[in-house]
Amino acid sequence: MKFYLDTANLEQIEEVASWGVLAGVTTNPSLYAKEGGKLADFENHLKKIATMVDGPISGEVTAETADEMFEQGKKIAAIAPNMIVKVPMTVEGLKACKKLYDAGIDVNMTLVFSVPQAILAAQSGARYISPLVGRFDDNGQDGLEQLHNIIFAIDNYEFDHDVEIIAASIRSVNHVTQAALMGADIATIPYAILKKCVKHILTDQGLESFKRDWEKVTSA
Ligand code: E4P
């Protein structure tokens with residue numbers, strides 16, 4: 001499973017890129033707004049991210065009609081060769097996805113909450129499909145079970161292009177564990193959760209005891 005960061009924060013991206021394990025970044029309008037982003041700086045901000053990470057960077061369209069999404073998507077894709085256009089799962093989104101696919105532009109279809117939506121996304125040419133695990137949970141459904149259903153259903157079929165499932169809206173280390181066990185291709189993870197993924201209490205305790213014992217060796 002590849003690890004993406006789910007953020008528009010440049011410091012977080014720079015930090016995790018330095019770990020050598022960052023395979024991509026996903027952004028959305030809320031994440032950009034959280035950074036105090038302004039419309040005039042949107043493309044420039046995505047460009048900075050795209051140069052910091054050697055992997056797919058998702059920038060989301062905000063238009064509501066297929067034609068406008070297509071135009072906006074082309075602009076996002078032109079920012080850098082590794083830009084992916086994030087499109088919401090609506091009828092207009094499906095139409096835009098097909099047009100972008102036909103134009104050779106990779107799409108990450110987001111706000112996917114059911115098996116039929118996921119299959120439709122794949123059939124419209126989406127290269128990436130993002131089920132939002134935490135938001136299922138917020139809605140009183142088992143987000144991990146829904147993610148499993150979507151992975152299972154997509155695996156049943158061949159598509160005429162590669163399709164990867166991005167486990168999104170990750171809220172805990174257990175979400176990451178379970179997404180990996182069920183074979184999600186990618187998990188896009190907030191910075192705070194990704195830092196927790198590195199830690200384990202037994203790692204810390206083991207390190208402490210090695211340090212204590214090594215002090216006995218060096219002071220002998
Ligand atoms: C990513 O593609 C989604 O936009 C993101 O994971 C949503 O996460 P949230 O539900 O924590 O806002």
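So, a few notes on the structure that sits alongside this text. In this text the structure is predicted, and so the values were computed from the model without any measurement.

Reading guide: rules and limits
- Residues numbered from 1 in each chain as written.
- Predicted model: local features only at pLDDT ≥ 70, side-chain atom pairs only at ≥ 80, totals over all residues.
- Heavy atoms only, no water.
- Helix = DSSP H or I, 4+ residues; strand = E, 2+ residues; numbered from the N terminus.
- Buried < 20%, exposed > 50% of the residue type's maximum accessible area, 1.4 Å probe, protein only.
- Contact = heavy atoms within 4.5 Å.
- Areas by Shrake-Rupley, 256 points an atom, 1.4 Å probe, with all protein chains shown as cover.
- Patch = residues over 30% accessible without salt bridge, like charges linked within 9 Å, V, L, I, M, F, W, Y side chains within 5 Å.
- Salt bridge = Lys/Arg side-chain N within 4 Å of Asp/Glu carboxyl O.
- Near = heavy atom within 4 Å.
- Polar contact = N/O pair within 3.5 Å; in protein donor to acceptor, adjacent residues only side chain to side chain.
- Axes fitted to C-alpha atoms, helices over the stretch in contact; angles between N-to-C directions.
- Parallel < 35°, antiparallel > 145°, perpendicular 65-115°, else oblique.
- Nonpolar A, V, L, I, M, F, W, Y, C, P; charged D, E, K, R; others polar.
- Phe/Tyr/Trp six-rings, centres within 6.5 Å; stacked < 30°, edge-to-face > 60°.
- Lys NZ or Arg CZ within 6 Å of the ring centre and 35° of its normal.

**Re the overall build of the chain**
Thinking step 1. The helix and strand tally for the chain stands at 11 helices and eight strands.
Thinking step 2. A buried classification covers 47% of the 220 residues belonging to the chain.
Thinking step 3. The long-range fraction of contacts in the chain, counting pairs at least 24 apart against all pairs at least 6 apart in sequence, stands at 57%.
Thinking step 4. About 11400 Å² of surface is accessible on the chain, with carbon and sulfur atoms providing 54% of the total.

**Section: a nonpolar patch on the surface**
Thinking step 1. Where nonpolar side chains cluster on the molecular surface, the patch consists of W19, V21 and V198 and spans about 260 Å² of accessible area.
Thinking step 2. Along the chain, the position of W19 falls in the loop between α1 (10–17) and β2 (22–26).
Thinking step 3. Taking the relative accessible area as the measure of exposure, W19 reaches 30% and is therefore partly exposed.

**Here we look at the site of the ligand**
Thinking step 1. Around the ligand, the structure places D6, N28, K86, L132, R135, A168, S169 and R171.
Thinking step 2. In the model, an oxygen atom of the ligand is placed 2.6 Å from a nitrogen or oxygen of the R135 side chain.
Thinking step 3. A distance of 3.0 Å separates an oxygen atom of the ligand from a polar atom in the side chain of R171.
Thinking step 4. For the ligand, the accessible surface in isolation is 340 Å², of which the surrounding protein chains cover 84%.

**Notes on the packing of α1 against helix α3 (residues 42–52)**
Thinking step 1. Orientation of α1 relative to α3, taken along the N-to-C sense of each, is 5°, at an axis distance of 10 Å. Accordingly, the angle class assigned to the pair α1 and α3 is roughly parallel. Where α1 approaches α3, its residues L10, I13, E14 and A17 are matched on the opposing element by H45, K48, I49 and M52.
Thinking step 2. Broken down by class, the residue content of the contact of α1 with α3 amounts to five nonpolar, one polar and two charged.

**A closer look at the packing of aromatic side chains**
To describe a pair of aromatic rings, you give the distance between the ring centres and the angle between the ring planes.
Thinking step 1. Across all of its chains, the model carries two aromatic pairs by this definition.
Thinking step 2. On the basis of an interplanar angle of 70° and a centroid distance of 5.3 Å, the ring pair of Y32 and F42 is categorised as edge-to-face. Placement of Y32 in helix α2 (residues 29–34) and of F42 in helix α3 is noted, with a sequence separation of 10 residues between them.
Thinking step 3. Its relative accessible area of 19% is what places F42 among the buried residues.
Thinking step 4. With a centroid separation of 5.1 Å and an interplanar angle of 80°, the aromatic rings of F113 and F136 are classed as edge-to-face. Of this pair, F113 sits in the loop between β5 (107–112) and α6 (115–123) while F136 sits in helix α7 (residues 133–138), placing them 23 residues apart in sequence.
Thinking step 5. Residue F136 is classed as buried on the basis of its relative accessible area of 1%.
Thinking step 6. If you follow R127 out to its NZ or CZ, it ends over the ring of Y128, 4.8 Å from the centre.

**Let's talk about the side chain of T26**
Thinking step 1. Secondary-structure assignment places T26 in strand β2.
Thinking step 2. Given the relative accessible area of 1%, T26 is considered buried.
Thinking step 3. Among the polar contacts made by the side chain of T26, one reaches the side chain of D6 at a distance of 2.8 Å.
Thinking step 4. Aside from chain neighbours lying at most four places away, what touches T26 is Y4, L5, D6, T7, L31, S58, K86, N108 and T188.

**Topic: the environment of A8**
Thinking step 1. Following the sequence through the fold, A8 ends up in the loop between β1 (2–6) and α1.
Thinking step 2. When its relative accessible area of 2% is taken as the criterion, A8 is described as buried.
Thinking step 3. C-alpha of A8 to C-alpha of G134: the two residues are 126 residues apart in sequence and 19 Å apart in space.
Thinking step 4. In this structure, A8 is in contact with I13, T27, L31, Y32, E35, H45 and I49, ignoring residues within four places of it in sequence.

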